[in-house]
Amino acid sequence: ADGMAFTGELPYGWYEIYEYAVPEGFTSSGWDSVFVSGDAEAEIITVVNHRIPITGSVTVVKVDAANMSQKSIDSSSPLVGTVFGLYGESGKKIAELTIGSDGKASYDGLTKGRYFLKELTPAEGFLLTDMIFPFAIEVLDENVEIIVPNERGLGTVKVLKTGENGAPLADVAFDIYRSATDK
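A brief structural summary. (Residues numbered from 1 in each chain as written. Predicted model: local features only at pLDDT ≥ 70, side-chain atom pairs only at ≥ 80, totals over all residues. Heavy atoms only, no water.)

1. Overview of the packing of aromatic side chains
Each pair of aromatic rings is reported with the distance of its centres and the angle of its planes. Selection rule: The rule is short: rings of Phe, Tyr and Trp, with Trp giving its six-membered ring, pair when the centres are within 6.5 Å, and they are stacked under 30 degrees, edge-to-face over 60, tilted in between. Secondary structure is summarised from DSSP: a helix means a run of H or I of at least four residues, a strand means a run of E of at least two, and numbering begins at the N terminus for each. Buried, partly exposed and exposed residues are distinguished by accessible area as a fraction of the type maximum, computed with a 1.4 Å probe on protein chains only: under 20%, between the cut-offs, and over 50%, respectively.
On inspection of all chains with the given rule, the structure shows two aromatic pairs. An angle of 10 degrees between the planes, with centres 5.0 Å apart, marks the rings of Y87 and F116 as stacked. Linking Y87 in strand β4 (residues 83-88) with F116 in strand β7 (residues 113-121), this pair joins segments that are 29 residues apart in sequence. Accessibility classification places Y87 together with F116 in one group, the buried group. Consider the rings of Y115 and F135, whose centres lie 5.6 Å apart with planes at 20 degrees: the pair is stacked. Of this pair, Y115 sits in strand β7 while F135 sits in strand β8 (residues 132-137), and the two are 20 residues apart along the sequence. Look at F135 and you get buried, because its relative accessible area is 7%.

2. Some details on the sheet that holds strand β9 (residues 142-150)
The strands making up a sheet associate through hydrogen bonds between their backbones, and the pairing can be parallel or antiparallel. Applicable threshold: Strand pairing requires that DSSP identify at least two bridges connecting the strands. In this analysis an axis means a line fitted to C-alpha atoms, helices contributing only their contacting stretch, and an angle means the value between N-to-C directions, from 0 to 180 degrees.
Taking strand neighbours across the sheet as the criterion, the three strands line up as β6-β3-β9 in an open arrangement whose pairing is mixed. Both edges of this open sheet fall to β6 (104-111) and β9, since each of them pairs with a single strand only. Between one strand and the next, the sheet's axes are offset by a mean angle of 20 degrees, whatever the strand orientation. When strand β3 (residues 55-64) meets β9, the two strands line up parallel, connected through nine bridges. From the neighbouring strand, D64 faces β9, where its bridge partner is N150.

This is the structure:
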């Protein structure tokens, strides 16, 4: 507990010291050398261990709620273009993450602490969720994966076909196509 280790009596000469165990969150100092002589009661070596900063990452996976089941996530139709804000515990925005063609967005280099994600822009045809997705980085190299389902936005179209006089016309047929897909 006082940070000291002692050897028994050693014959005079050079010795190599190797640190083989370190407390969690610190780096090993590796090898050091010391010369044991009769000039002092004990040779003292100061070994400095440096803290390893705890960092991690977050990956957000955006899925269509209609294609999500308890056992698997359908990644065949990722919700490309959804934008999330990444915020620190204080509410300060750190970055914006945009979902790519694989349905995911990631951010690396988060230090130990609490964070949250908030959807800023939904994928085309989907509703913006007002949910907050909190998470924490607590251990070195931790990757937190957050799966966010999105509900489709549904609406209706009513077409009224009239003649030049403004009177409704009967027996009119229309096809309707989604602009983004022509289907």
